[in-house]
Amino acid sequence: RTLSSKKFKARRSTMSQANYPIFDGDERSSLLKKVQTKDDFRAKKWRCVTHPLRAFETLSPYAVLEVGIMAARDLTERESGFFNTDTTPDPYVQVLLDDTELEKCKTLPARKMKEPTWMYQCEVDVLAPTSMVRIQVKDDRPTEKADIGFFDVCLGDIPYDKVIEGWFELRFQESLLLTSVQRYQQHCELREETLTEEEASRKKKEQASAPSVVPAADPDDKQTKLVTKTQLYAESKDRALDAFQACVQSTADISDQMGLETISKSLREGGRKRRSNAGEVYISLRLKLLVSRFDSLFAYAMDAPSPENLGGLKQDVKMTRKIDVQRVYDDIMEVKVRVLDDAVLCCVYGFRYLVTWRSLPLSAIYLVGLLLCCWKTYLTWAIIPLLLAISLIVNRFPSARSYMTRGGQNAALTEEGFKHTAAWRDSGEVLKYVTRVLKEDMKAKLTDPRKLKTFASQAVRDGQPTLTLEQLRLALSAADFVEMEEQYFRKGDLVWVNGRFPAKVESTAGDPSAGTDRVLVTYEKSLVMEDLPPEEVRARQVTLRADGLPNLDPLRKVPGGAGILDSAIEAIYPIIEDVRHLSLPGIHQLTEIFTWKKSTVTLIMVVVLLVISSLFGYAAWLHRTSGQNGNLSRKEEILISVLRSLDNYVAALIIVGIFFLQGWFMANVSSVIKIASRSMKGRPAPATWAFFAPDPVQADLLRNLAEKEASMHPHGMFHLPYMTGDGSSASASYQAAHAIGP
C-alpha cells in the first residue's frame, strides 16, 4: 500500500512538472460520465439520416421493450449421473440483444423447479428497429451454466404499446444455427415440435424402407468382433430399457391405485423418452415508445449490428481432435471438389479443347473472331458477346459439354468418363485417370509407377479405349505392379460417394470377393448440395473419408503437441469456413447457369449477348459501308458514336459510382429509402408467430398471484428465494400492464 502511494505521488509530481492538468476523483468521474452519456434522440434525430452508424452509437434509445419473464413449464431435464440422480434443473432466463447478453436482464435461478415462477420484469433499450432479441433459458449447474432452450423475436414485428402475453415455445439448443434472423424466420413458419415430429417420422420411414442386410466384413477381424459385440450390447441395452420402462409404468399404475399421486406422477414424467421441444416460457412483451410517432420514423434509418452466423454445425469447433481434423479435412475436400474440379479444371480443359483443335469448326470460329478483334478493335463489342453466346449454346448439350470440360483429373469413374479421357489422345491424361481408378475405385496400392505408365499408354488407341472400364479393373487386379487391399465398411463410417458427396454408411450387404457388395448410405447436408434420399451404391463407389487424413499421432505424443494441434485447428477453421461461404454459393450459381439447370436465366443471357453483338455488328457494318463516304444519316451517326463510346461510358459510370456511392450525401438518400420501405412494412406480431400461444387461464393465475403478493408483501417478494429481488417493480409493472389496482 505504501509503495502504491509513493508511485502515485511520484507520478502526480511528474505530471505537475510537465504542466499536465491534474483532476481529483470527482472530476474524473464527471468526465467519464460526460463521455458515456448519449445525446437525446429527440434533439439529434436528424443524425439518423445523415450518419446512421454514428446515430446508433451515440443517441439514446427511442423505445424500450418491457419484458416480463413470468413462468415456465415442461423444461428439459438435466442428465443424471452416478453421483447425482436428481435431473430437476435450476433454470434461469438470460435476455440477449443482437447476440449480446444483457446483465440487467437476467433472472435468479429457480432451484430444483421444472415449472418455475419468476415474475421478473426488465427493460431492453431499443436503438434500431431491426434488432433481434433472444430469450435464453439456462440451467445453473454447480460446475457450469448449461443451455436448456431459446427463441428469437424481431423487434420490428412487435406493435407499439400492445401487450403480447402467452406461452413461447423453446427450441432445442441444437437448433442454435445460422443467424438470429434466419432462425426467427424458420420458427415463425414452423414450431419446433412440428419439425421434431417430421424428423422422427422421416427416420421411421427410412428405417422401415432400409433393407435388412448383413455386415460385409471379415468375421475373424478384431475390429469386426468389437463392432458386433457393441451392436449386441446396444440391442440388449434397448431390451433392458424397454423392460425397465414397462416396470416403471407398472409401478406408476400401482401407486396410482394406492392413492400415491406424487410418486405416480414422478414415475410417469421420468418415463418420457422423446421430447418435441425444450419446454415453454410464459412471457409478457410490450414495446413502448419514448419519443413521438413522427420522431420514431427516424430510427428506421439505423441498422442493427450484423447477426452472428453460427454456421450449420451442431457442435462447437472445440471437440475431440479426431473429429476436428476430420471436419477441417471434409471442408477442404468440399472446396476442392466444387472449386478445383467443377470450376477451375473445367475451364482449363475447355481452353485446351479449343487450342488443340479437337473441334475444328469451334476452334476456327474462336480463332477468326479473336483475330478480327485484333484487326479492328471496335469489333470487340460485336465479337466477344457472340463467342460467349456460342459457348453457352454449346453447353446446352451435356455430351458435348462433358467432352470439352472433363479429363483424367475430373472425369467420372464410369464408362462415359473413361471415353471422355481417352478422347484426349493424351497418355498423361489416361495415366491420371487410371491412377484414380486404382486409388478411389479399386482401393488398391501401386508398387511400380513406371509399369503403370506403360500400361496406361497402351489402354487407349486412336482416342478410344481398348477395353471397357470393368475389363480395365480386372486387368489391373491381375497386374504384378498392383496390390489389392480389402476394404470393409461398417455402420457409421464417414465416406465419400463417387469422390464428391459426403455420406454416412448405414449398412452393407453382399460378397466383396464376388463383386456384389452394396452399401446403403445416407447423404449429409452440404452448403450447396440439395438433400438427397438414402441410396444403395456399389462398394467401389465409396471411399472412407478418414483415408485422406494425415497421421497426427506423432504430433500428439510430443509434449505440448495436442495444444498446438488445437490452436492450429481453431485458427484455420474460421478461414476455411469463410472461404466456403464466400466461394461455394457463387460458384454453384454460376455452374447452374452455365449448365442450363437454370434455363430461364441462361436463355436470357444468350438473348442479351446476341442483341449486344447484333447492335455493335450493325454499327460496324454502317461505319464500314457508309461512314467512309460520309453518307450516314444523323440517327446513324448518333448510334455509331454511342456504341463506339460505350466502353468509355461504362468506365465513367464505374468511376462515378466509386466516388459518389461512398459519399456522405448518399447516406441521406439511403436513409430516406430505408425509412420509406421499413415504415410501410407493418408490425404483424403475434399473428405471424407459430411459436406463440396465448393462455387466458395462466394470465388469470399470474394476475391473482401478483395481487396476492402485492397485498402481502408491498416491499417485494424476497421471501421467495427463486424469485427476483426486484419483486416490487415486477408487481408494479405487471399491475400497470394489466390494470390491476394496488
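### Looking at the overall build of the protein
When helices and strands are tallied, the protein shows 25 helices and 19 strands. When the 742 residues of the protein are sorted by exposure, 38% land in the buried category. Taking the contacts inside the protein whose residues are at least 6 apart along the sequence as the reference set, 68% of them involve residues at least 24 apart. Carbon together with sulfur atoms contributes 59% to the accessible area of the protein, which is approximately 43100 Å² in total.

### Remarks on helix α5 (residues 180-189)
Buried residues of α5: Ser180, Arg183, Tyr184, His187 and Cys188, and no others. Projected down its long axis, α5 carries its buried residues within an arc of 135°, all on one side.

### So, the environment of Leu176
Topologically, Leu176 is positioned in the loop between β8 (171-172) and α5. By relative accessible area, which is 17% here, Leu176 ends up buried. Separated by 134 residues in the primary sequence, Leu176 and Leu310 have C-alpha atoms spaced 7.3 Å apart. If sequence neighbours within four positions are ignored, Leu176 has contacts with Arg134, Phe150, Arg183 and Leu310.

### A closer look at helix α24 (residues 696-712)
Between the first and last C-alpha of α24 there are 24 Å, a value that for 17 residues agrees with the 24 Å anticipated at 1.5 Å per step. Within α24, the full set of buried residues consists of Gln698, Ala699, Leu702, Ala706 and Glu709. Considered in projection along α24, the buried side chains sweep an arc of 100° and stay on one side of the axis. Residues of α24 that are exposed and point over 90 degrees away from its buried face: Pro696, Val697, Leu701 and Ser711.

### Topic: the sheet that holds β8
The strands that make up a sheet pair up through hydrogen bonds in the backbone, lying either parallel or antiparallel. Ordered in space as β3-β2-β5-β6-β8, the five strands form an open sheet in which the pairing is antiparallel. Only two strands of the sheet have a single neighbouring strand rather than two, namely β3 (100-106) and β8. Contacting β5 (132-140), β6 (145-154) and β8, α5 crosses the sheet at an angle of about 75° to β6.

### Brief notes about the side chain of Ser60
When you line up the elements, Ser60 lands in the loop between α4 (52-58) and β1 (63-73). Looking at Ser60, the relative accessible area reads 19%, which means it is buried. One polar contact links the side chain of Ser60 to the main-chain amide nitrogen of Phe41, over a distance of 3.1 Å. When near neighbours in sequence (up to four residues on either side) are disregarded, Ser60 contacts Lys38, Asp39, Asp40, Phe41 and Leu127.

### A look at the sheet that holds strand β19 (residues 692-693)
With respect to topology, five strands assemble into an open sheet ordered β4-β1-β9-β7-β19, the strand pairing being antiparallel. With partners counted over all chains shown, the strands left at the sheet margins are β4 (117-126) and β19, one partner each. For β1 and strand β9 (residues 280-289), the ladder comprises 10 bridges, and the chain directions are antiparallel. Across the sheet, the residue bridging to Leu65 is Leu287, located in β9. Packed on one face of the sheet, α24 meets β1, β4, β7 (164-169) and β9 and runs near 95° to β4.

### Observations regarding the packing of aromatic side chains
Taken as a whole and assessed by the stated rule, the structure comprises 18 aromatic pairs. Plain terms: the ring middles of Phe168 and Phe691 are 6.2 Å apart, the flat faces sit at 40° to each other, and that makes the pair tilted. Here Phe168, found in strand β7, pairs with Phe691, found in the loop between α23 (664-679) and β19; they are 523 residues apart in sequence, far enough to count as distant. Take Phe168 and Phe691: they sit in the same class, and that class is buried. When the centroid spacing of 5.6 Å and the interplanar angle of 5° are considered together, the rings of Phe418 and Tyr433 count as stacked. Residue Phe418 is found in helix α14 (residues 415-422), and its partner Tyr433 is found in helix α15 (residues 427-441); the two are separated by 15 residues along the sequence. Of the two residues examined, Phe418 and Tyr433, each falls in the buried class. Among the aromatic side chains, those forming a connected cluster through ring pairs are Phe151, Phe168, Tyr184, Trp689, Phe691 and Phe692.

### Some details on the environment of Leu367
Tracing the sequence through the fold places Leu367 in helix α11 (residues 360-375). Considering only alpha carbons, one finds Leu367 and Leu354, 13 residues apart in sequence, at a separation of 9.1 Å.

### Focus: the pairing of β6
With eight of 10 residues buried, β6 lies mostly within the body of the structure. Across nine bridges, β5 lies against β6 in antiparallel orientation. Following the sheet pairing, Val133 is matched in β6 by Val153. Direction of pairing for β6 relative to β8: antiparallel, over a ladder of two bridges. Each bridged residue has a counterpart across the sheet, and for Phe150 the counterpart in β8 is Arg171.

### Brief notes about the pattern of salt bridges
Per the stated rule, a full pass over the model turns up 42 salt bridges. Its salt-bridge partner being Glu169, residue Arg191 comes within 3.9 Å of it at the nearest N-O pair. In this pair, Arg191 is assigned in the loop between α5 and α6 (192-209) and Glu169 in strand β7, connecting sequence segments 22 residues apart. The exposure classification of Arg191 matches that of Glu169, with both residues buried.

### Topic: the confidence of the model for the protein
Interpreting fine coordinate detail is not advised for predicted regions of low pLDDT. Per-residue pLDDT for the protein averages 80, and the proportion of residues at 70 or more is 78%. Here residues 313-323 scores under 50 on pLDDT; set against residues more than four positions off or in separate chains, the count is 20 contacts. Per-residue pLDDT stays below 50 along residues 716-742; that stretch engages in 55 contacts with residues further than four places along the chain or on separate chains.

Calculation notes
Residues numbered from 1 in each chain as written. Predicted model: local features only at pLDDT ≥ 70, side-chain atom pairs only at ≥ 80, totals over all residues. Heavy atoms only, no water. Helix = DSSP H or I, 4+ residues; strand = E, 2+ residues; numbered from the N terminus. Buried < 20%, exposed > 50% of the residue type's maximum accessible area, 1.4 Å probe, protein only. Contact = heavy atoms within 4.5 Å. Areas by Shrake-Rupley, 256 points an atom, 1.4 Å probe, with all protein chains shown as cover. Arc of directions from axis to C-beta. Expected span 1.5 Å × (residues − 1). Pairing = 2+ DSSP bridges. Axes fitted to C-alpha atoms, helices over the stretch in contact; angles between N-to-C directions. Polar contact = N/O pair within 3.5 Å; in protein donor to acceptor, adjacent residues only side chain to side chain. Phe/Tyr/Trp six-rings, centres within 6.5 Å; stacked < 30°, edge-to-face > 60°. Salt bridge = Lys/Arg side-chain N within 4 Å of Asp/Glu carboxyl O. pLDDT = per-residue confidence, 0-100.

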